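# Chains, contacts and geometry: an overview
Letter by letter, the chains look like this.
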Amino acid sequence: MSTIDVEISEVGPRDGLQNTKQFMPTEAKKAWITAEAAAGVREIEVCSFVPPKLIPQFSDAAEVVAHALTIPGLSVAALIPNLKGAERGVAAGVHKLSFPLSVSKGHSQSNVRKTPDEQLAEFRRIADFLRTLPKGKRPALSGGLSTAFGCTIDGPVDEREVVRLAVGLVEAGADDVGLADTVGYANPAQIKRLFTAVRREIGDRLTGAHLHNTRGLGLANAVAALETGIKTLDSSLGGLGGCPYAPGASGNVVTEDLVFMLEAMGLRTGIDMEKLLGVRRQIEAALPGAEFHGNLAMAGLPKGFGAAA
Ligand code: ZN
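Note that this is a predicted model, so its numbers are computed, not measured.

### Brief notes about the coordination of the zinc ion
Donor atoms from the polypeptide that bind the zinc ion are Asp-15 (OD), His-210 (NE2), His-212 (NE2) and Asn-252 (OD1), placed at 2.0 to 2.2 Å. Each of the four donor atoms around the zinc ion contributes to a set of angles spanning 84 to 160°, which defines the coordination as irregular. On the primary sequence, the residues serving as donors to the zinc ion are separated as D-x194-H-x1-H-x39-N. Taken together, the residues Asp-15 in helix 1 (residues 12-18) and His-210 in strand 7 (residues 206-210) connect sequence positions 195 residues apart. Each member of the pair Asp-15 and His-210 is classed as buried.

Here it is in structure tokens:
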């Protein structure tokens, strides 16, 4: 029996650091993952398997994964944009591969130099490769539909395209699918409409929401997603990462604020708030000059605050 109502998937070491200029020393990354797992976070996206020349931040990906795998009970996830990345992720032994597929053509081209359908074909190659592995060596394969709620390059995104590509991911072999508001355009009504439309086609394969707080609607959108049956929410400690398209704005939903809201609502996350705030202080010290976001760290916990029972 699970004692968790909502699973928090921490993406800071990947999504956050990808958008952070300074290189975080490998030991500090390891300490971050250790501390956040100790606070009760059960899944962490620890790195991205991309060419180190492209993103030097992840040149130590295999070493970071090796460390994360020593933490009992932690689900170790990594982002992989192509088959080559998937092969590296499998060699490193990650539990879960997260594959991004941009719904908007402009974002897809600028991100991976492929159309959405070409990227879907790449996903198929990855799923086929995973099927050749013995069961115990096969990581879970997760497809994330980026820019599902709008795009800074193309503007509005056709919701039928989101549904079509979600079906395509499942048909290709995705274990689960998530929708991502990559640039923070979504609103709660849109979240409800699109998550419901996708669930109608792929049912419980739709598990995750990756939301940004760029325009202040991250938490409202999280509640809306939960109301459609979503059980896994991505977030980043300190909202780390920002948004390259909106200088000064926050990026990912802030893990501390999200966990606080959920626990206050009576939804169990398994995460210890005080310990989580301690991890934030640790990362602030490890990344001087990086931009941190979030209200809870500034205001503190309410007097007499109790976690969800
Ligand atoms: Zn993000």
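### Thoughts on the side chain of Thr-214
Along the chain, the position of Thr-214 falls in the loop between strand 7 and helix 9 (218-227). A polar contact of 3.4 Å, which involves the side chain of Thr-214, links it to the backbone oxygen of Ser-250.

### Notes on the pattern of salt bridges
Throughout the structure, instances matching the rule amount to 19 salt bridges. In this structure, Asp-5 and Arg-268 form a salt bridge, with 3.0 Å as the shortest nitrogen-oxygen distance. Placement of Asp-5 in the segment before strand 1 (7-10) and of Arg-268 in the loop between helix 10 (255-264) and helix 11 (273-286) is noted, with a sequence separation of 263 residues between them. For Asp-5, a relative accessible area of 27% puts it in the partly exposed group. Exposure remark for Arg-268: the relative accessible area of 27% places this residue in the partly exposed category. The residue Arg-42 makes a salt bridge to Glu-7 at a minimum N-O spacing of 3.2 Å. Of this pair, Arg-42 sits in the loop between helix 2 (26-38) and strand 2 (43-48) while Glu-7 sits in strand 1, and the two are 35 residues apart along the sequence.

### Quick notes on the pairing of strand 7
The buried fraction of strand 7 is high, at four of five residues. In this structure, strand 6 (residues 176-180) lies alongside strand 7, joined through four bridges in parallel fashion. Following the sheet pairing, Gly-178 is matched in strand 7 by Gly-208. The parallel pair strand 6 and strand 7 is bridged by helix 8 (residues 188-202), and the resulting crossover is right-handed. Two strands pair when backbone bridges link them, and strand 7 and strand 8 (residues 232-235) are joined in this way by three bridges, in the parallel orientation. Within the sheet, the bridge partner assigned to His-210 lies in strand 8 and is Asp-234. Between the parallel pair strand 7 and strand 8, the chain is carried across by helix 9, and the sense of this crossover is right-handed.

Reading guide: rules and limits
Residues numbered from 1 in each chain as written. Predicted model: local features only at pLDDT ≥ 70, side-chain atom pairs only at ≥ 80, totals over all residues. Heavy atoms only, no water. Donors = N, O, S within 2.8 Å, 3.2 Å for Na, K, Ca; no water. Tetrahedral: all angles 85-135°; square planar, octahedral: opposite > 155°, others 65-115°. Helix = DSSP H or I, 4+ residues; strand = E, 2+ residues; numbered from the N terminus. Buried < 20%, exposed > 50% of the residue type's maximum accessible area, 1.4 Å probe, protein only. Polar contact = N/O pair within 3.5 Å; in protein donor to acceptor, adjacent residues only side chain to side chain. Salt bridge = Lys/Arg side-chain N within 4 Å of Asp/Glu carboxyl O. Pairing = 2+ DSSP bridges. Right-handed = clockwise from strand over helix to strand, strands pointing away.

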